[in-house]
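Coordinate inspection notes
Single-letter residue listing:
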Amino acid sequence: MRLHSLHEIDNTEGTVQLHDVLNGGQLILHPSPNPHDPNDPLRWPRWKKHICFASICAFTFLTNYAIGGLSPAFYIISLEYKKSQTETTGLLLWPILVLGAFNFFWVPIANYFGKRPVFVFASLLLCVCYLWGALSKSFESLFWSNIIAAFAGSSSEALGAAIVNDLYFLHERGNFLGIYMNAIAGGNTVGPLICGFIITSLDWRWHKWIAFIFTAINFVVVLLFCPETRYDRSYIEVVAARNRSVESNLASPVSDEEAGNGVPAEKVVSSTAEAKVDYSAFRGEQLPKKTWAQDLSLWSGVPKNTNLLELFIRPLPLIAYPAVVFAFISYAVSLAWVVAINVLNSFILQAPPYNWKPSINGLINIPGIIGNLVGAFLGGWVVDRYSDWRSRKNGGVFQPETRLHLLWISAIVVPAGCLAFGYGVAYSLNWTSLSVYSSMPIPPHLLTAVHRFFGYGMVAVGLTAVPVATMTYVSDCYLPVNADALLLVNAIKNVIAFSFLYAIVPWVTKTGYVNAFGTQAGVYVLIMLFAIPLIFFGQRIRHATAKWKIIL
């Protein structure tokens with residue numbers, strides 16, 4: 001096995017010319033689409049891209065909807081099957097571990113055989129597992145239906161983000177990854193909200209029935225309208241990079257101060273435009289467009305000069321990249337703190353002395369949904385526009401580190417939310433401690449509810465804002481190996497999140513909610529501080545690590 005450096009595969013090291021300052025500030029498309037192949041996913045019609053993307057979002061939403069969305073029923077399930085709080089929360093905690101661990105299985109399989117056959121099979125398996133869960137008659141049967149469903153759903157954790165990179169250009173990446181992350185997070189917030197009303201009106205099993213129906217519909221969409229998105233563009237990028245004279249000096253980009261304000265640009269040109277690239281350098285004649293029947297094929301060949309064993313090993317060395325490490329650690333805590341609230345809240349609010357109905361308990365997810373939407377907007381659309389603005393000021397040169405500049409918002413909002421939730425729950429559980437509010441006109445129970453609601457919403461901002469920014473940053477830096485890098489991010493963050501969540505019940509029992517969630521706030525701030533060296537020294541770090549021969 002011969003090891004390569006990232007520089008041998010992609011000499012841009014993530015720094016690219018996003019705007020052509022010599023041609024009216026026109027937008028340059030990255031990656032370069034193949035002008036001779038209408039089957040290139042980057043050249044698909046927008047509707048075709050969006051259907052494929054929407055089906056992937058639906059798949060990952062339904063994975064989390066049926067598994068994580070069941071949390072309002074945990075208290076009822078614990079009474080029905082006579083299980084402890086720790087045993088019942090295992091319905092969510094162990095699937096979280098499976099969702100991460102089996103990325104190491106699905107991604108190499110998809111890189112070798114293609115993404116389409118993986119998603120077709122996984123969609124069918126997920127559908128069967130939800131039917132199984134709806135018909136389950138014992139706790140063990142329900143538990144294993146969730147485990148196998150998580151195995152199927154784990155196929156989307158890293159591959160979904162990789163498909164965003166297959167379908168959309170660099171300047172669109174953050175926005176669509178934000179939508180994708182909202183689909184993941186939405187399953188954990190919309191799911192419990194809906195489940196609460198289903199439990200009150202019907203039965204918790206109907207939550208699984210609804211998931212089964214929508215998963216079956218999505219399986220049909222995946223089967224009929226989602227072609228293979230894997231595409232070899234290594235030759236295209238070599239030719240395009242050789243012909244882009246502007247990018248020859250990207251190792252020392254123009255600074256903000258030297259570039260001035262830049263120029264406005266509304267037109268869009270491809271990085272393979274006639275002025276820059278000699279089309280004759282591309283191999284072959286114009287290729288015929290595939291028919292719909294050909295698009296439905298489950299076989300797209302296997303890569304040459306690569307075996308399956310290498311693909312299973314290939315992601316592991318990428319953990320040496322600092323951007324990957326920061327991405328999975330920051331994503332892990334963002335996920336763990338939100339899921340911790342989901343795991344705990346039904347045992348707090350449905351038990352005495354409150355005895356809330358599941359439908360009312362589910363309403364606590366409304367601020368979570370709002371937080372997810374705000375976070376995805378900040379980490380996706382806002383960061384895309386901000387990065388574009390910075391590239392204009394930087395002589396048209398895009399630096400991936402601009403993706404991280406707005407993380408300070410999450411670094412403030414999420415810890416504040418942890419403290420608000422922790423204090424809110426603590427005062428609710430210990431009525432004597434509410435005497436400090438006795439002189440306030442706000443009723444104590446309303447005050448603590450406000451703490452919990454606003455706290456949850458603030459914590460939920462980080463669940464989408466942080467991973468969207470960091471995963472897009474990883475994709476920008478390591479695009480040739482983005483599927484493997486994102487595999488590590490998604491797999492390891494779930495393992496870390498599982499470790500925190502496995503200990504959450506004994507943790508809050510032993511130390512109390514104020515200490516537990518106060519510690520979470522401190523840990524979050526500490527992790528976010530690691531973005532600072534990446535922001536200031538990221539280009540130097542990328543230049544140094546691009547020479548490491550760690551890629552198979």
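Computed from a prediction, not measured in an experiment: that's the story for all the values here.

So, about the overall build of the protein chain. Across its full length, the protein chain carries 23 helices and seven strands. Burial status across the protein chain gives 59% buried among its 552 residues. Accessible surface for the protein chain amounts to roughly 21,800 Å². Of this, 68% is attributable to carbon and sulfur atoms.

For helix H5 (residues 103-113), a buried count of eight out of eleven residues is recorded, marking the element as mostly surrounded by other parts of the structure. Residues of H5 that are buried: Asn103, Trp106, Val107, Pro108, Ile109, Ala110, Asn111 and Tyr112. Just downstream of H5 lies Gly114, where phi reads positive at about 115°.

For the rest of this paragraph, the subject is the side chain of Ser5. Summarising the element assignment, Ser5 is placed in strand E1 (residues 4-5). The class for Ser5 is buried, based on a relative accessible area of 5%. With residues near it in sequence (within four places) discarded, Ser5 still touches Ala546, Lys547, Trp548, Lys549 and Ile551.

Now for the nonpolar core. Within the largest apolar cluster, 126 residues are counted, with the highest numbers of intra-cluster contacts made by Ile77, Tyr180, Val324, Tyr478 and Phe517. Those residues in contact with Tyr478 that lie beyond four places of it in its chain are Leu6, Tyr321, Ala323 and Val324. Of all hydrophobic cores here, the second largest spans five residues; its members include Val16, Leu18, Leu27 and Phe398.

Attention shifts here to a nonpolar patch on the surface. A grouping of Val525, Leu526, Leu529, Phe530, Ile532, Phe536 and Phe537 is seen on the molecular surface, where their side chains present a nonpolar patch of about 710 Å² in accessible area. Topologically, Ile532 is positioned in helix H23 (residues 531-545).

A few words now on the pattern of salt bridges. Per the counting criterion, the structure on display carries 13 salt bridges. For Asp203, the salt bridge is made with Arg205, and the minimal N-O distance between the two is 3.5 Å. The exposure class of Asp203 is partly exposed, given its relative accessible area of 27%. Under the relative-accessibility criterion, Arg205 is labelled buried at 17%. Members of the salt-bridge network, linked through shared partners, are Arg173, Asp384, Arg403 and Asp476.

This part covers unusual backbone geometry. A positive phi angle, close to 55°, is found at Lys82, a residue other than glycine. In this fold, Lys82 is placed in the loop between helix H3 (74-80) and helix H4 (85-101). Residue class for Lys82 comes out exposed when judged on its relative accessible area of 74%.

Think of a pair of aromatic rings as described by two things: how far the centres are apart, and how the planes are tilted against each other in angle. Taken as a whole, this structure holds 23 aromatic pairs when the rule is applied. Ring centres of Phe61 and Tyr65 lie 5.9 Å apart, and the angle between their planes is 25°; this geometry places the pair in the stacked category. Of this pair, Phe61 and Tyr65 both sit in helix H2 (residues 46-67), separated by four residues, roughly a single helical turn. We classify Tyr65 as buried; its relative accessible area is 4%. Consider the rings of Tyr386 and Trp389, whose centres lie 5.9 Å apart with planes at 45°: the pair is tilted. Placement of the pair is Tyr386 and Trp389 together in helix H17 (residues 365-393), with a separation of three residues, close to one helical turn. When its relative accessible area of 18% is taken as the criterion, Tyr386 is described as buried.

With that out of the way, let us pick up the confidence of the model for the protein chain. When pLDDT drops low, the exact placement of atoms in the prediction is not to be read closely. Mean pLDDT for the protein chain: 80, with 82% of residues reaching 70 or above. The least confident element of the protein chain is helix H12 (residues 256-259), whose mean pLDDT is 34; the most confident is helix H6 (residues 115-135), at 94. The model gives residues 244-281 a pLDDT under 50, and that stretch makes 82 contacts with residues more than four places away or in other chains. When the criterion is pLDDT under 50, residues 429-449 qualifies, and its contacts beyond four places in sequence or with other chains add up to 20 contacts.

Attention shifts here to the environment of Lys493. Note on placement: Lys493 falls in helix H20 (residues 482-502). In this structure Lys493 comes out as buried when scored by relative accessible area, which is 2%. Taking C-alpha positions, Lys493 is 8.2 Å from Leu335, a pair spaced 158 residues apart along the chain. With near-sequence residues (within four places) excluded, Lys493 lies in contact with Glu157, Phe328, Tyr331, Ala332, Leu335 and Leu488.

Below, the discussion takes up the environment of Ala216. Note on placement: Ala216 falls in helix H10 (residues 204-225). Expressed as a C-alpha distance, the spacing of Ala216 and Leu124, which sit 92 residues apart in the sequence, is 7.5 Å.

Rules used throughout
- Residues numbered from 1 in each chain as written.
- Predicted model: local features only at pLDDT ≥ 70, side-chain atom pairs only at ≥ 80, totals over all residues.
- Heavy atoms only, no water.
- Helix = DSSP H or I, 4+ residues; strand = E, 2+ residues; numbered from the N terminus.
- Buried < 20%, exposed > 50% of the residue type's maximum accessible area, 1.4 Å probe, protein only.
- Areas by Shrake-Rupley, 256 points an atom, 1.4 Å probe, with all protein chains shown as cover.
- Contact = heavy atoms within 4.5 Å.
- Core = buried A, V, L, I, M, F, W, Y, C linked by side-chain atoms within 4.5 Å.
- Patch = residues over 30% accessible without salt bridge, like charges linked within 9 Å, V, L, I, M, F, W, Y side chains within 5 Å.
- Salt bridge = Lys/Arg side-chain N within 4 Å of Asp/Glu carboxyl O.
- Phe/Tyr/Trp six-rings, centres within 6.5 Å; stacked < 30°, edge-to-face > 60°.
- pLDDT = per-residue confidence, 0-100.

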